[in-house]
Amino acid sequence: MNYQDLGQRIHDVRISHNLSQKALAERLICSAKHLGNIERGLSRPSLECLFDISTALNVSIDYLITGNTIFPSPHSEFFLNIDHFLEKQENEISLLRHHLKEIYNISENQEK
């Protein structure tokens, strides 16, 4: 693994999110100095640190390591469409529950 390339990608994504090293380091609960060393390829991040960086920057670990994106990011159109679909399904289920309660209340009242 090329740690200088990894560090450069972390740096580039951090900058694209308008985050300072200090701000990202606070999210990661590490020092800005350590993050700076990772970005310059002088320190090797642990797997846990790499996971935390990818989560904080909303990119895949694969992208940070290789520069390739195999999986869509959580904000990609694919996931937004799934979220929209699930929200629509929740609304329809809620409406169905409401109608079933009305039907149940009507039949219960008719039996009395």
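Colleague: Can you help me understand the overall build of the protein chain in this one?
Modeller: Each helix and strand in the protein chain was counted, giving six helices and zero strands. Starting at the N terminus and ending at the C terminus, the protein chain contains elements arranged as α-α-α-α-α-α. Relative to its 112 residues, the protein chain shows a buried fraction of 22%. Partitioning the contacts of the protein chain with sequence separation of at least 6, the portion at a separation of at least 24 is 50%. Accessible surface for the protein chain amounts to roughly 8300 Å². Of this, 55% is attributable to carbon and sulfur atoms.

Colleague: I'm lost on the packing of helix 2 (residues 21-28) against helix 4 (residues 47-57) in this one. Help?
Modeller: Helix packing geometry: the angle between the two helix axes and the distance between the axes. Contact geometry of helix 2 with helix 4 gives a least axis separation of 10 Å together with a crossing angle of 115°. Helix 4 is crossed by helix 2, and the crossing has right-handed handedness. Facing L24, R27 and L28 of helix 2, the residues of helix 4 in contact are D52, I53, A56 and L57. For the contact of helix 2 with helix 4, a count of residues per class yields five nonpolar, no polar and two charged.

Colleague: Teacher, can you tell me more about the side chain of R9 here?
Modeller: Mapped onto the fold, R9 is located in helix 1 (residues 3-16). From its side chain, R9 meets the backbone oxygen of I65 in a polar contact 2.6 Å long. Each residue touching R9, except ones within four places of it in the same chain, is listed here: Y63, L64, I65, T66 and G67.

Colleague: Any chance you could explain the pattern of salt bridges here in plain terms?
Modeller: Pairing is possible between side chains that carry opposite charge, provided their charged atoms lie close to one another. Going through the model one piece at a time under the given rule, you end up with one salt bridge. A salt bridge links R14 to E39; the shortest N-O distance between them is 2.6 Å. Here R14, found in helix 1, pairs with E39, found in helix 3 (residues 32-39); they are 25 residues apart in sequence, far enough to count as distant.

Colleague: Would you mind showing me how to read the packing of helix 1 against helix 3 here?
Modeller: Direction vectors running N to C along helix 1 and helix 3 enclose 120°, while the axes themselves pass 7 Å from each other. Considering the angle they form, helix 1 stands oblique to helix 3. Side by side, helix 1 and helix 3 meet where Y3, Q4, G7, Q8, I10, H11 and R14 of the first sit next to L35, I38 and E39 of the second. Across the contact of helix 1 with helix 3, the residue classes break down as four nonpolar, four polar and two charged.

Colleague: Got a minute to help me understand unusual backbone geometry in this structure?
Modeller: The phi torsion of most residues other than glycine is negative, and most of the peptide bonds are trans. Even without being glycine, N18 reaches a positive phi, approximately 55°. Located in the positive-phi region is N58, a residue other than glycine, with phi close to 60°. When you line up the elements, N58 lands in the loop between helix 4 and helix 5 (61-66). Classification of N58 as partly exposed rests on a relative accessible area of 24%.

Colleague: How should I be thinking about the side chain of N37 in this particular structure?
Modeller: Relative to the elements of secondary structure, N37 occurs in helix 3. A relative accessible area of 18% means that N37 is categorised as buried. Within the local environment of N37, its side chain forms a polar contact with the side chain of R40, the two groups lying 2.8 Å apart. Setting aside residues no more than four positions away along its own chain, N37 makes contact with L42 and S43.

About the criteria used
- Residues numbered from 1 in each chain as written.
- Predicted model: local features only at pLDDT ≥ 70, side-chain atom pairs only at ≥ 80, totals over all residues.
- Heavy atoms only, no water.
- Helix = DSSP H or I, 4+ residues; strand = E, 2+ residues; numbered from the N terminus.
- Buried < 20%, exposed > 50% of the residue type's maximum accessible area, 1.4 Å probe, protein only.
- Contact = heavy atoms within 4.5 Å.
- Areas by Shrake-Rupley, 256 points an atom, 1.4 Å probe, with all protein chains shown as cover.
- Axes fitted to C-alpha atoms, helices over the stretch in contact; angles between N-to-C directions.
- Left-handed = near helix turned anticlockwise from the far one by under 90°.
- Nonpolar A, V, L, I, M, F, W, Y, C, P; charged D, E, K, R; others polar.
- Polar contact = N/O pair within 3.5 Å; in protein donor to acceptor, adjacent residues only side chain to side chain.
- Salt bridge = Lys/Arg side-chain N within 4 Å of Asp/Glu carboxyl O.
- Parallel < 35°, antiparallel > 145°, perpendicular 65-115°, else oblique.

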